[in-house]
Amino acid sequence: MDALDLARWQFAITTVYHFLFVPLTISLAFIVAGFQTAWYRSGDEKYLRLTRFYGQLFLINFAMGVVTGIVQEFQFGMNWSDYSRFVGDIFGAPLAIEGLLAFFLESTFLGVWIFGWDKLSKKVHLATIWITAIATALSAYIILAANAWMQHPVGSAVNEVAGRAELKDFFAVVLNPTVLSAFPHVIAGVFMTGGAFVLGIAVWRLLRRPAEDQAPFRTAAKVGATVLLVGSVFVLLSGDVLGKSVAADQPMKLAASEGLYQTEQPASLSLVTFWGPDGKEAFSIKVPNLLSFLATGDPNGKVVGIDDLQAQYAATYGIGDYAPSVPVTFWSFRFMIGAGFLAALAALWFLWRLRNGGLPGRGGVAIAILLPFLPLAANSFAWIFTEMGRQPWIVFGQQLTSAGVSPGVSSWEVAITLVGFTLLYGGLAVVEMGLLRKQIRAGLPPVAASDEAADRPMTFGY
């Protein structure tokens, strides 16, 4: 493979790996804040113990997210210098705001929360975790705004002389219609992830340690299941809005996600499709008119196919292949939906089995262990679909991915860093899982003998 292919693989691996931590960081911040609020309002000690238990898991995840996130910005300069030069005038502002405002805000108040248990009043201490949680969401919004500009460039103009995009309207960038439709969808998926994490751990503790802390973990399981299910409802609602946005701004991505080569009116939604060696459709199961309705709001609406869009783009941008990889786009979209659906189904099953003091039966432990990975997989497939569906553009309609790679970087140099980062991230995965396993097996912190003991600074141990 050449430097371009290797650089794309490296960015994909490191970005998908980093995003495993992002949804957990955001969702756990809010869930932990919710547990602490319940303790503040009710005085029930189980909520304090749940705050500290899931708070420690949140801290481990936050630390790993910071470490893996640093690599992303290095890659812009190392492997994508032409891209960085092209978008620097636009990306500089939101990335600076994310680093100087959102990240500093969340890291500062998280530090105050960790070490402020015995130094702040309960109300002020509670405020610090809520500020942390809100800052994580703000950070996500700013990064999504930058990514949304790549999907739908607005508020800027390309300076043909300088060969770069220049910012014209900052507020148009941060209020891009694409980010306004994508942010609720991403946040809903984030809460599905956090809910599954809380639920899976709580059920594992209930089944593997049945004599310990039944009441707190039953509460945690119900909270996790509720958050997961509510998140799944909002994923569906926001996904409909986002789908219409994609249909309007990136019709090629929509057509590729359905393997729709020929324009149809009305268009059917494919549940599953297989193509033969000749590239022709061999087998499919479709729902009539559903794609038209989802894309246009009209069950008889027109959806343009890949072939017609290819002809339009070739006429507009010049000779080239403007269709993304249909198999990757098609299946990543369906794997995303399938993983999310299974997670919601598991949450319903756990809620049913936990009613009236019951416990999940046979297979409950295996499902509890698997459950947190389902929304994580759905998030990963969602980003693969989002980014691969935009190809061959790195900035839609303005810069091809092939034009963004660093011209002075050889394939061997990229290959060395690719192997190095992959091995490093593999090692970090072992560390992450080891730390989480240790804390989960340790269970809830013991009931404190006094208020002073209860207010000791939070640490990774007990």
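As the structure is a computational prediction, the values presented were derived from the model and not from experiment.

What counts as what
Residues numbered from 1 in each chain as written. Predicted model: local features only at pLDDT ≥ 70, side-chain atom pairs only at ≥ 80, totals over all residues. Heavy atoms only, no water. Helix = DSSP H or I, 4+ residues; strand = E, 2+ residues; numbered from the N terminus. Rg over C-alpha atoms; globule rule 2.2 N^0.38 Å. Buried < 20%, exposed > 50% of the residue type's maximum accessible area, 1.4 Å probe, protein only. Contact = heavy atoms within 4.5 Å. Areas by Shrake-Rupley, 256 points an atom, 1.4 Å probe, with all protein chains shown as cover. Lys, Arg positive; Asp, Glu negative; His and termini not counted. Charge placed at Lys NZ, Arg CZ, Asp CG, Glu CD. Axes fitted to C-alpha atoms, helices over the stretch in contact; angles between N-to-C directions. Parallel < 35°, antiparallel > 145°, perpendicular 65-115°, else oblique. Left-handed = near helix turned anticlockwise from the far one by under 90°. Nonpolar A, V, L, I, M, F, W, Y, C, P; charged D, E, K, R; others polar. Pairing = 2+ DSSP bridges. Expected span 1.5 Å × (residues − 1). Phe/Tyr/Trp six-rings, centres within 6.5 Å; stacked < 30°, edge-to-face > 60°. Core = buried A, V, L, I, M, F, W, Y, C linked by side-chain atoms within 4.5 Å. pLDDT = per-residue confidence, 0-100. Polar contact = N/O pair within 3.5 Å; in protein donor to acceptor, adjacent residues only side chain to side chain.

A. View of the overall build of the protein. When you go through the protein residue by residue, the secondary structure sums to 16 helices and 6 strands. For 462 residues, the compact-globule estimate of 2.2 N^0.38 gives 23 Å, and the C-alpha radius of gyration of the protein, at 24 Å, lies within 12% of that figure. Out of the 462 residues in the protein, the part that is buried amounts to 48%. Counting only contacts in the protein whose residues sit at least 6 apart along the sequence, the fraction spanning at least 24 positions is 78%. On the protein, roughly 20,800 Å² of surface is accessible, and the fraction owed to carbon and sulfur atoms is 69%. When the 30 basic and 31 acidic side-chain charges of the protein are each reduced to a single mean position, those positions are 14 Å apart.

B. Seen up close, the packing of helix H7 (residues 177-208) against helix H14 (residues 373-388). Running from N to C, H7 and H14 point in directions that differ by 155°, and their axes come no closer than 8 Å. Considering their axes alone, H7 and H14 lie roughly antiparallel with respect to each other. Here H7 and H14 pass one another in a crossing that is left-handed. Contacts between H7 and H14 pair Gly 189, Met 192, Thr 193 and Ala 196 from the former with Pro 375, Leu 376 and Asn 379 from the latter. The residue inventory of the contact of H7 with H14, partitioned by class, reads 4 nonpolar, 3 polar and no charged.

C. Inspection of the pairing of strand E2 (residues 164-167) at higher detail. Pairing of strand E1 (residues 156-159) with E2, which is carried by 4 bridges, proceeds in the antiparallel orientation. Residue Val 158 lies in a different strand from E2, and its bridge partner there is Ala 165. Hairpin connection between E1 and E2: a loop of 4 residues separates the two successive antiparallel strands, and Gly 163 in this loop has a positive phi of roughly 70°.

D. Representation of unusual backbone geometry within the structure. Residue Gln 265 is joined to Pro 266 through a cis peptide bond whose omega torsion reads 0°. With omega at 10°, the peptide bond leading from Gln 391 into Pro 392 counts as cis. Looking at the secondary structure, you find Pro 392 in the loop between H14 and strand E5 (393-395). Even without being a glycine, Asn 289 presents a positive backbone phi close to 70°. With respect to the helices and strands, Asn 289 occurs in the loop between strand E4 (281-287) and helix H10 (290-296).

E. Seen up close, H14. The first and last C-alpha atoms of H14 sit 22 Å apart over 16 residues, in line with the 22 Å expected at 1.5 Å per residue. When we look at burial in H14, the residues that qualify are Leu 374, Pro 375, Leu 376, Ala 378, Asn 379, Ser 380, Ala 382, Trp 383, Phe 385 and Thr 386.

F. Region of the structure containing the packing of aromatic side chains. Overall, the coordinates contain 27 aromatic pairs when judged by the stated rule. Ring centres of Phe 333 and Phe 385 lie 5.1 Å apart, and the angle between their planes is 45°; this geometry places the pair in the tilted category. Placement of Phe 333 in helix H12 (residues 326-354) and of Phe 385 in helix H14 is noted, with a sequence separation of 52 residues between them. Ring pairing ties together the aromatic residues Tyr 313, Tyr 317, Tyr 322, Trp 393 and Phe 396, which thus form one cluster.

G. Just the nonpolar core, in detail. Core analysis: the biggest nonpolar cluster contains 71 residues, and Tyr 54, Leu 57, Phe 58, Leu 199, Leu 228 and Leu 371 have the highest contact counts within it. Those residues in contact with Phe 58 that sit more than four places away from it in its chain are Thr 25, Leu 28, Ala 29, Leu 110, Ile 129 and Thr 132. Core analysis: the second largest hydrophobic core is formed by 21 residues, Ala 7, Phe 86, Phe 91 and Val 395 among them.

H. Spotlight on the confidence of the model for the protein. Scored by pLDDT, the protein comes out at a mean of 85, with 95% of its residues at no less than 70. Across residues 449-454 the pLDDT falls below 50, and counting only partners more than four positions away or on other chains, this stretch makes 5 contacts in the model.

I. Spatial organisation of the side chain of Gln 391. Within the element layout of this structure, Gln 391 appears in the loop between H14 and E5. Of the polar contacts made by the side chain of Gln 391, one reaches the backbone oxygen of Glu 387; its length is 3.2 Å. Sequence-distant contacts of Gln 391, defined by excluding residues within four places in its chain, comprise Arg 8, Tyr 322, Ala 323, Pro 324 and Thr 401.

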